Each structure stands twice: as structure tokens, then as C-alpha cells.
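Spelled out from the first residue to the last, the chains are:
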Amino acid sequence: MAAITGVLARPTSYAGIWGWMTTVDHKRIAVLYGVTAVIFLLIGGVEAGFLRMQLASADNDFMGPARFNQLFTMHATTMIFMVIMPLSVSFFNFVVPLAIGARDVAFPRLNALSYWIFLFGALIMHMSFLVGQVPDAGWFSYANLTEKPFSIDRGLDYWAIGLLVMGAASVAGALNFVVTIINMRAPGMSMMRMPVFVWMTLITSILLVLAFPVITVGLIELTMDRNFGTHFFIPAEGGDPILWQHLFWVFGHPEVYILILPAMGIVSEIFPVFSGKPLFGYPFIVFSGIVIGIMGWAVWSHHMFTVGLGPVANSVFTITTMLIAVPTGVKIFNWIGTLWRGAIEFTTAMMFALGFIALFIIGGLSGISHAISPSDFQQQDTYYIVAHIHYVLFGGSIFGAFAGLYYWYPKLTGKMLDETLGKLNFWLMFIGMNLTFFPMHFLGLNGMPRRIYTYTAEFGWENLNRLASLGYIVLFFAFLVFIYNLWQTRNSRRVSHDPWDALGLEWSIASPPPAYNFAEIPQVEGLDQYWIMKERARAAGTPLTEPEALVDPSSIHMPSPSYWPIFTAVGVALIGGGLLSHYAISFLGGAIAMIGVIGWGNEPAAAPSEHH
Amino acid sequence: MAHAVEPEYTTTGLSHRKMLMWVFLGSDCLFFGALIATYMVYRGQSLVGPYPIDIISVPVTTISTFVLLMSSFAMVQALAATNADNKRGIVGWLLATAFLGAIFIGFQVFEFNSFKNEGLTLGGNLFGASFFTLTGFHGAHVTLGIIWLLAMAIMAAKGRVGPKTALDVELLGLYWHFVDIVWIVIFTLLYLIGGFDAGPLVPPGG
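Calculation rules
Residues numbered from 1 in each chain as written. Chains lettered and ligands numbered in written order. Predicted model: local features only at pLDDT ≥ 70, side-chain atom pairs only at ≥ 80, totals over all residues. Helix = DSSP H or I, 4+ residues; strand = E, 2+ residues; numbered from the N terminus. Buried ≥ 20, exposed ≤ 12 C-beta atoms within 10 Å, placed from the backbone. Contact = placed C-beta atoms within 7 Å. Rg over C-alpha atoms; globule rule 2.2 N^0.38 Å. Expected span 1.5 Å × (residues − 1). Bend = angle between axes of the 7 residues up to and from the residue. Nonpolar A, V, L, I, M, F, W, Y, C, P; charged D, E, K, R; others polar. pLDDT = per-residue confidence, 0-100. Axes fitted to C-alpha atoms, helices over the stretch in contact; angles between N-to-C directions. Parallel < 35°, antiparallel > 145°, perpendicular 65-115°, else oblique. Left-handed = near helix turned anticlockwise from the far one by under 90°. Core = buried A, V, L, I, M, F, W, Y, C linked by C-beta atoms within 7 Å.

A few words now on the overall build of chain B. A count of helical and extended segments in chain B gives six helices and zero strands. When its C-alpha atoms are laid out on the principal axes, chain B stretches across 60 × 35 × 25 Å. For chain B, the proportion of its 206 residues judged to be buried stands at 39%. Sequence separation of at least 24 residues holds for 84% of the intrachain contacts in chain B that already meet a minimum separation of 6.

Attention now goes to the overall build of chain A. Looking only at helices and strands, chain A has 18 helices and zero strands in total. In summary, chain A has a C-alpha radius of gyration of 24 Å against a globular reference of 25 Å for 612 residues, a match within 12%. With the principal axes as the frame, chain A shows a C-alpha extent of 75 × 65 × 50 Å. Burial analysis of chain A (612 residues in total) assigns 56% to the buried set.

Okay, helix α7 (residues 196–227) of chain A next. All names here are of chain A. Look at α7: 45 Å from first C-alpha to last across 32 residues, which is about the 46 Å you get at 1.5 Å a residue. Of all the bends in α7, the largest measures some 25 degrees and sits at A211, one to four residues before the proline P213. For α7, the tally of buried residues reaches 29 of 32 residues, placing the bulk of the element in the interior. After α7 finishes, the residue G229 shows a positive phi value of roughly 80 degrees.

This part covers the interface of chain A and chain B. Facing 31 residues of chain A, the contacting portion of chain B comprises 29 residues. Taken together, the elements giving at least two residues each to the side of chain A that touches chain B come down to α6 (155–183), α7 and α8 (241–275) of chain A. Top element by residues in the side of chain A that touches chain B is α7 of chain A. It accounts for eight residues. Here the side of chain A that touches chain B is built from residues that sort into 19 nonpolar, eight polar and four charged.

The next thing to look at is the confidence of the model for chain A. Mean pLDDT over chain A works out to 93, with 97% of the residues at or above the 70 mark. Counted against residues more than four places away or in other chains, residues 1–6 of chain A, with its pLDDT under 50, gives nine contacts.

With that out of the way, let us pick up the packing of α7 of chain A against α8 of chain A. Residues and elements named next belong to chain A. Taken N-terminus to C-terminus, the directions of α7 and α8 make an angle of 165 degrees; their axes are 8 Å apart at the nearest point. Put simply, α7 runs roughly antiparallel to α8. Of the two elements, α7 crosses α8, and the hand of that crossing is left-handed. Split into classes, the residues belonging to the contact of α7 with α8 amount to 24 nonpolar, five polar and two charged.

Moving on to the packing of helix α13 (residues 383–413) of chain A against helix α14 (residues 419–445) of chain A. Residues and elements named next belong to chain A. Two elements in contact, α13 and α14, have axes separated by 7 Å at closest approach and are oriented at 165 degrees. Taken together, the axes of α13 and α14 lie roughly antiparallel to each other. Judged by the sense of rotation from one axis to the other, the crossing of α13 with α14 is left-handed. Residues Y383, Y384, I385, V386, A387, H390, Y391, F394, G395 and Y406 of α13 form the contact with α14, whose own contacting residues are G422, M433, F437, M440, H441, L443, G444 and L445.

Moving on, we get to α8 of chain A. Residues and elements named next belong to chain A. Here α8 spans 51 Å end to end across 35 residues, near enough to the 51 Å set by a 1.5 Å rise per residue. The axis of α8 is deflected most strongly, by about 30 degrees, at W249. G276 lies just past α8 and shows a positive phi near 65 degrees.

In this structure, N144 of chain A follows A143 of chain A across a cis peptide bond, with omega equal to 0 degrees. Inspection of the secondary structure assignment puts N144 of chain A in the loop between α5 (108–131) and α6. Unlike most non-glycine residues, S141 of chain A shows phi in positive territory, near 35 degrees. With respect to the helices and strands, S141 of chain A occurs in the loop between α5 and α6. Exposure remark for S141 of chain A: the 22 C-beta atoms within 10 Å place this residue in the buried category. One non-glycine residue, D85 of chain B, lies in positive phi territory at about 60 degrees. Along the chain, D85 of chain B turns up in the loop between α3 (58–83) and α4 (87–117).

Relative to the helices and strands, A584 of chain A resides in helix α18 (residues 583–602). For A584 of chain A, a count of 9 C-beta atoms within 10 Å corresponds to the exposed category.

So, about the confidence of the model for chain B. Close inspection of predicted coordinates is inappropriate for parts of the model with low pLDDT. When pLDDT is averaged along chain B, the result is 92; 93% of the residues meet or exceed 70. The ipTM assigned to the predicted complex is 0.93, against a pTM of 0.95.

So, on to the nonpolar core. Residues and elements named next belong to chain A. In terms of nonpolar packing, the biggest core is built from 246 residues, with I117, V165, I270 and A403 touching the most fellow members. Here the element with the most residues in this core is α7; it accounts for 21 residues. Apart from the residues lying within four places of it in its own chain, the contact partners of I117 are V165, A168, A169, A172, A569, V572 and A573.

This part takes up the environment of R494 of chain A. Relative to the helices and strands, R494 of chain A is located in the loop between α15 (462–488) and α16 (529–539). For R494 of chain A, the residues in contact, after removing those within four places along its chain, are G414 and K415 of chain A.

All names here are of chain A. Positionally, I344 belongs in the loop between α10 (311–339) and α11 (348–371). Sequence separation of I344 and I161 is 183 residues, and the distance between their C-alpha atoms is 48 Å. Discounting chain neighbours no more than four positions away, the residues touching I344 are F274, S275 and L339.

Structure, rendered in C-alpha cells:
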């Protein structure tokens with residue numbers, strides 16, 4: 001085994017592409033996740049553009065139904081699993097170790113492994129475009145549409161295997177964050193002194209760890225149905241397609257909170273900073289997050305009201321769904337309480353956070369309207385639902401993520417995104433978003449079903465659809481402004497380490513943070529530690545204007561880069577790829593992964609150093 | 001695996017790796033939970049035979065269950081030997097654990113084979129599909145555990161396992177005992193309770 005370790009000598013360079021491929025630094029992994037997510041945002045966005053182009057006029061023949069099915073399936077799957085989730089994980093990676101006063105995550109190499117497996121899973125799924133066999137059964141791929149007789153090409157195999165691989169990455173990443181948050185807090189940082197974003201990361205990670213195994217089983221059963229002759233979801237053979245729906249939504253509803261809780265954490269960091277006062281009702285926000293995390297497991301059948309589970313099941317899930325609106329409402333009132341009589345600064349980050357509240361409330365209200373099961377019978381599978389999910393996922397998750405991007409960008413790079421461009425970005429996105437998705441409420445109530453590729457003019461849906469497509473163009477410009485804003489920072493001047501007068505520990509160190517984060521692990525005395533430190537310094541007449549002094553990096557022992565995470569990830573990806581092509585490749589992948597694990601086990605987490 | 005010598009600072013005092021293993025086992029509970037749920041939902045729903053009563057042999061599997069339980073005993077002994085720094089004991093008990101695990105897998109191979117010969121296949125009916133999927137994934141867990149045990153035994157033979165690295169053996173033990181406990185649930189539900197099911201319990205759709 002020592003020989004295997006010897007084959008791949010420890011990487012020593014931190015520069016260039018190899019530096020990125022072997023990095024175990026949580027900040028660089030955050031950049032990898034973030035850049036990947038933005039690229040997929042473009043891909044998913046272009047897919048949406050084609051959909052809107054097709055629907056812009058009645059009886060359109062821009063594309064046929066088959067292509068339309070593929071595009072809406074890949075649009076949703078990409079946006080959920082390859083945009084919002086990696087964006088959240090990017091924030092987890094960048095912010096959490098800094099916010100809890102740690103030098104890295106608990107398992108830096110496992111963290112790198114998660115990223116590479118995620119990337120390869122996403123690529124496996126997108127390879128379906130190259131072979132022209134694209135998944136086409138919607139993002140929740142209801143059985144038995146997904147079974148062989150109805151879906152003959154291999155598109156759904158790409159979908160299932162891609163999600164299985166990405167699921168492994170999500171669970172590995174989430175395990176890491178649970179341990180990091182519980183076990184690596186700086187001395188004095190009790191649970192109730194943790195920043196809200198860290199709390200939401202913890203809850204999200206626990207949800208990921210527990211929810212993904214359920215969809216994993218569903219996907220395994222689907223794969224077996226399609227490839228190994230089982231009949232789990234084929235009614236003709238006694239199978240039950242409803243079981244797929246249960247497995248999917250037992251995962252799928254916690255997944256909804258996996259998507260939104262990080263955004264709630266981000267805005268909870270932003271409101272106090274730009275209101276100039278501490279977060280109102282911190283324990284209420286934390287505990288309502290916990291309650292959402294628990295109750296998120298008891299509402300899944302509200303996705304299945306029209307399945308025919310019976311009045312008892314529908315009533316129970318109506319009640320639990322209405323109850324879960326309560327902790328969400330508690331949070332919203334606490335955010336408003338934070339704003340109340342604050343010295344509000346309308347920075348771009350703040351505007352996106354305010355946009356989050358406004359849009360998320362609209363999405364929440366339409367959500368309540370289909371929590372009522374009789375009312376849901378009217379709305380099921382119409383554009384009303386499409387409007388709802390875009391208000392909570394675009395207006396919620398994506399606005400939260402943009403707020404976080406504008407807020408933490410100066411910490412990540414030492415440079416500020418341009419505020420004027422940022423505000424243009426915000427207004428284009430806010431207007432475009434409402435223009436695109438608000439008309440969909442009316443379309444849905446007027447009976448337009450989701451997932452139809454065209455409609456005839458006599459339904460009277462054309463004007464509102466045209467408005468929605470117009471909104472898409474505005475959104476696309478918003479995206480371009482955002483990319484240009486990122487691009488132009490290459491010339492902009494450096495800003496101070498604490499440009500927002502912020503409250504978290506991450507702002508007490510230099511921007512961009514040194515590889516070791518904290519030269520000295522801070523001692524935490526309360527919530528909003530950096531405000532406490534700044535306040536004390538101000539009272540003593542020596543205001544704190546400088547970040548923690550830099551030290552010689554070689555004096556701090558950090559985990560060294562490693563080849564094994566990407567090596568092992570290639571093995572895992574080949575196991576999945578083999579299931580789609582030739583089983584021999586799966587065995588090869590298994591062997592590579594095994595060698596990777598052995599090499600990994602024999603490699604010390606950190607290279608030996610004389611300072612040790 | 002054998003390099004965790006310096007004690008690391010942790011907030012809770014529990015090592016990172018031990019916490020990771022516990023949270024992972026929590027995740028694995030949901031994995032087996034969903035597979036078991038599938039089996040229970042489809043219990044008595046097969047339209048055609050063979051049904052459990054036709055092929056399940058409780059006595060045979062009781063023996064293999066006993067063997068697997070005894071492997072947990074050997075695992076405990078391996079950890080005790082590690083803490084006592086008894087190199088021969090570590091290697092011996094780790095190999096004993098792996099051996100007992102391998103016997104269990106041998107029984108499973110025999111069982112799968114004889115079931116196949118009696119007409120139970122993945123595609124034949126829902127019982128076959130859910131039975132093979134659930135017990136197959138459990139068997140895969142046991143197999144992975146055996147590989148891990150053998151790797152640990154090789155390291156122990158090289159003198160790289162001892163009280164300082166007892167955590168490595170302890171984590172392996174946690175995993176092994178977990179897989180064992182899962183089997184107890186499976187054995188109870190699929191053999192002791194479900195093993196006597198004959199034919200559809202309720203008419204399809206009823």
C-alpha cells in the first residue's frame with residue numbers, strides 16, 4: 001500500500017489548474033462550487049429561454065413536444081440540483097469555517113471529494129444531450145411514465161444515475177458540515193452564539209443527510225426497473241407507481257427546505273448589518289428554523305392531494321402544511337422587526353434581501369392556497385403551481401443567494417462589486433421576475449396546464465404568456481449585468497476588510513482571507529462577536545480599523561493538497577458511467593475508487609512539517 | 001487511517017471521525033428504512049409465486065444470523081485487544097470477524113442461488129424484487145465491512161494498529177455492529193414475520 005501512496009507524490013504546488021484540482025482549502029472549494037453553479041445557471045436559464053420562446057405565441061411550432069419535455073425536465077433538474085444546491089454549498093464552504101472561527105472544515109479532503117463527485121454527476125447527466133437521449137419526464141419523474149414501455153431511450157437512466165452520483169456528493173458534503181459545525185466552533189461559541197447562517201447550514205445539512213438516502217432508494221428501484229427487470233413501479237405487474245411518489249416527496253419536501261433555509265440564513269446575516277441593529281428575536285429565528293426542519297418531514301403528501309389518498313390523509317396533510325407556515329411567518333416577522341426603526345442602508349445586498357422577503361411572502365401565500373386540499377384540486381398541475389415554485393425558489397433561494405454574493409464578495413476577493421451595476425442588476429431581476437412569473441398565477445387559474453408545449457389561441461392565454469416571455473428577456477439582461485459586474489471587478493480597487501461594518505467573525509480578518517483564516521483562534525464572548533470587539537475598542541478610544549495581522553503561513557499547520565479526492569471521484573463517476581454504457585467500466589471505476597480510498601487512508605491529512 | 005496520533009481540539013470533546021461515523025449511520029438508517037418500507041408496502045402484493053412460504057427457510061437463516069451475531073462478539077474482542085495492545089489478538093479477532101462475516105455472505109450466496117433455482121427472480125414478482133434488493137444491499141454492506149476488516153488486519157499485522165489508533169478499530173466496529181443490527185431487523189421482518197406469507201394478502205388495489 002505504501003507503494004500506491006508513492007505513485008502519487010503529494011502535490012506541492014498551489015498554483016495553476018493542478019492547484020485547483022488538488023485543493024482542499026474550503027475557500028477555493030467554495031469558488032469551484034460557485035463558478036460551477038453560475039455556469040449551470042446559464043445553461044438552465046437558456047433552457048428556460050427556449051421554453052418561453054416556444055410558449056410566447058399560440059400554436060407555435062418552434063419546437064415539438066418531445067424537445068419541450070426534455071427542456072423543462074432539464075431546466076428544473078439543473079436549477080434545483082446544479083444551481084441552487086451548489087450555490088448554497090458554496091456559501092456553506094466559504095462562510096461557515098470563517099463564521100465559527102475555524103481554519104477549515106473537519107474533513108478537508110472529503111470536502112474536495114464532494115465537489116468532484118458533484119461535478120462528475122452533473123456532467124453525467126448532461127452527457128445525455130451529447131448522446132441525444134435526454135431525460136424527459138419532469139423533475140419528479142413520475143412512475144410509470146419513467147418505465148421502459150413509455151420511455152424507451154436511455155434519458156431517464158442518465159437522470160437517475162446522475163442524481164445518484166450527485167446525491168452521494170451531497171451526503172458526503174453534508175456529513176462534513178454537521179461535524180464541522182458541531183465540533184469545530186471557536187472556544188466560547190456556544191450553539192446559541194452561532195450566527196443564524198451557521199444554524200441554517202446545520203439544519204440543512206441534517207436534512208440532506210437524512211433525506212437523500214430515501215431518494216437514493218427510489219432511484220435505485222427505478223434503475224432496477226429499467227435495467228434489471230424488476231417491476232417496482234409497474235402496475236400491470238402489481239407494482240405501485242404511488243410508492244415512487246411517496247419516496248420522491250419524502251425526500252422532495254425536505255429538499256424544498258434544503259433549498260430555502262440557506263437563503264433564510266443569508267438574509268438573517270444581512271438585515272442586522274444594514275439596519276444597524278442586532279437581529280430581532282435570534283432564538284425565535286433559530287428555533288423556527290429547527291421546527292421547519294422537523295415539520296418538513298410531515299407534509300410531503302401535499303404534493304399528492306389529487307392522487308386519491310382519501311379525505312383523512314388529505315386533511316392531515318392540509319393541517320400539517322398550514323402549521324409549517326407558522327414558523328416561516330415567525331421568521332418573516334422577526335426580519336421585519338430587525339428592520340423596524342433601524343438605520344437602513346439600501347445596499348445591493350440589502351435590496352436583494354428585501355426582495356427576498358417580498359417575493360417569498362407572495363410565494364408563501366400562494367403556497368397556503370394550495371395547502372388547502374380542495375383548493376389544490378383546482379390548482380394541481382396548472383401554471384399556478386409553476387408561479388408558486390418560482391416565487392419561492394427564484395424569488396426566495398436565488399434572491400437570497402444573490403444577496404449573499406453581493407454581501408460576501410468583498411470578503412472573498414478583497415474587491416467590491418459595483419453598487420450601481422448591482423442596483424441595476426437588482427431592479428432588472430426584480431421586475432423581470434415579477435413580469436415572468438406573476439402572470440402565471442392568472443394563467444393557472446384560467447386553466448393553463450403546466451408542461452404543455454403549445455396551446456390554441458381561443459383559450460385566451462396568449463397575452464399573458466407573451467408578457468411572461470418578455471419578462472424572461474429582462475431576466476436575461478439582469479444575468480448579463482451580473483456577469484459584467486463580476487468581470488469588471490478585476491480592475492477595481494481593494495476595499496477594507498470590513499466594508500459593511502459587519503458583525504460576524506469572518507469580517508475580523510483580512511480580505512481575501514489568508515489560507516489559515518485566523519492567525520489566532522478567536523475567543524467568543526457572545527452573539528455578533530465582531531460587533532462586541534469593535535464596540536469594546538471604540539469604548540477604549542482605540543477603534544478597531546485593521547484586520548487581524550497576517551503571520552507567516554508556514555507557522556500554521558494546514559491540511560495539504562491531495563490528489564486522492566479527485567482520483568476517488570473519478571472512480572465513483574465511472575461506477576455510474578458504467579451502468580450507462582458497459583458494466584466493465586463500473587468494475588474499473590470500483591477498482592479505481594478502492595485504490596483511491598487506500599491511497600487516501602495511507603496519506604497523512606497534512607504533510608509533515610518542521611514546525612510540528 | 002493509522003495516523004491520528006495527536007489529539008485534536010474539538011468543541012464537544014468527541015473526535016471528528018467518530019461523529020462523522022455516527023451521522024453517517026443515521027443516514028444509512030434512512031437508506032435501509034426506505035428499502036424496508038418498500039418491502040413492507042409490497043408484502044403480500046405479489047400477483048404470482050413463489051411466495052415467501054414456498055421458499056423461505058427460517059432454520060437455515062437462523063444459523064447464518066447466529067454466525068453474524070457472533071461476528072459482533074469477535075469485533076468487540078478485536079477492539080479490546082487493540083486497547084490492550086495485543087497484536088496477535090488484534091489480528092486474530094479481526095480475521096475471525098471477517099471469517100464469520102464471510103460465512104454469512106456464503107449462506108446468502110447459497111440462499112440466493114437456491115431461491116433462484118426455485119423460481120424467485122428480480123423480475124418474477126414483487127416479493128423477489130423487494131427481497132433481493134433489500135438483502136442484496138445489506139449483503140453489499142457486509143462485504144464492504146469484510147474488505148475493511150481485512151485491510152485493518154493487514155495493517156495490524158504490520159504493527160500499525162494499537163491503543164493510539166484504537167479509534168480506527170472502534171469506527172470499524174461501529175459500522176460492523178450497525179450492519180449487524182440492520183440484519184436483526186431484516187431477519188425479524190422478512191423471515192420471522194413475513195416468511196410464512198402465502199399468496200396475496202389482499203386483492204390488488206384493495
